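Structural overview for review
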Amino acid sequence: MCKTYVTILGRSTWALINTYYAVLMEKAYYPDSVYIYAEDVYAEELEKAVEGIKILSEEFEFMPEIHAKTVSEADFIKAGKEISQLIKKLREEGCGIAIDITPGRKALVAAALIPAVKHRMDHVFYLAVKRLESKPYMMIPLSIQQLKDFMEAGGNEGE
């Protein structure tokens, strides 16, 4: 079964990279493909995000296909449709799907969560950090951060 990881780049590239690192370390979720969505106002950070995903994946000795997508700022309807179509296609192909909502702005997170519920994603990850840190994951004390999987917390684990 293929595994896919969908993430939304917002104001903090560190939030995206750190959550991916936490998912690799704590959940051993190694995706075959990664989709990074960014609003056009954050498009200049996409290259850094892609490079960070590559570096971390190589450290864990695998290399997913990485797709970077730009959507119009605050156009959550169009973004929601695009993410929903991707998830539907991946589900039809029998892929497991995880989404990271940590770094995204509210409009895109809402757009991503609608298909997450509709298509019953396997994981909805959120890295809760008690204070804003612009540092690599392992340089932030683990006592002030916690990786949450809302699908597990919601009782959907194993379904």
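Above this text sits the structure in question.
What counts and how
Residues numbered from 1 in each chain as written. Predicted model: local features only at pLDDT ≥ 70, side-chain atom pairs only at ≥ 80, totals over all residues. Heavy atoms only, no water. Helix = DSSP H or I, 4+ residues; strand = E, 2+ residues; numbered from the N terminus. Polar contact = N/O pair within 3.5 Å; in protein donor to acceptor, adjacent residues only side chain to side chain. Contact = heavy atoms within 4.5 Å. Disulfide = S-S within 2.5 Å. Buried < 20%, exposed > 50% of the residue type's maximum accessible area, 1.4 Å probe, protein only. Salt bridge = Lys/Arg side-chain N within 4 Å of Asp/Glu carboxyl O. Pairing = 2+ DSSP bridges.

A short note on the side chain of Thr 13
- The topology assignment puts Thr 13 in helix 1 (residues 13–27).
- Of the polar contacts made by the side chain of Thr 13, one reaches the side chain of Glu 45; its length is 2.9 Å.
- With residues near it in sequence (within four places) discarded, Thr 13 still touches Glu 45, Lys 48 and Ala 49.

Focus: the state of the cysteines
- The final tally for this structure, using the stated rule, is 1 disulfide.
- Here Cys 2 is linked by a disulfide to Cys 95, with a sulfur-sulfur distance of 1.6 Å. Taking the sign of the S-S torsion, -105° for the link of Cys 2 and Cys 95, the bridge is left-handed. Here Cys 2 is found in the segment before strand 1 (3–9), whereas its partner Cys 95 is found in the loop between helix 3 (76–92) and strand 4 (96–100), with 93 residues between them in sequence.
- Look at Cys 2 and you get partly exposed, because its relative accessible area is 26%.

A closer look at the pattern of salt bridges
- For the structure on display, the rule yields 4 salt bridges.
- As a salt-bridge pair, Glu 152 and Lys 27 come within 3.1 Å of each other at their nearest N and O atoms. With a gap of 125 residues between them, Glu 152 in helix 5 (residues 150–153) and Lys 27 in helix 1 connect regions that are remote in the sequence.
- When its relative accessible area of 29% is taken as the criterion, Glu 152 is described as partly exposed.
- Look at Lys 27 and you get partly exposed, because its relative accessible area is 30%.
- A salt bridge links Glu 93 to Lys 89, with the shortest nitrogen-to-oxygen separation between them at 3.5 Å.

Focus: the pairing of strand 5 (residues 123–129)
- With 3 bridges joining them, strand 4 and strand 5 adopt parallel strand pairing. Bridge pairing in strand 5 links Ala 98 to His 123.
- Alignment of strand 5 against strand 6 (residues 145–149), held across 5 bridges, turns out to be antiparallel. Bridge pairing in strand 6 links Leu 127 to Leu 147.

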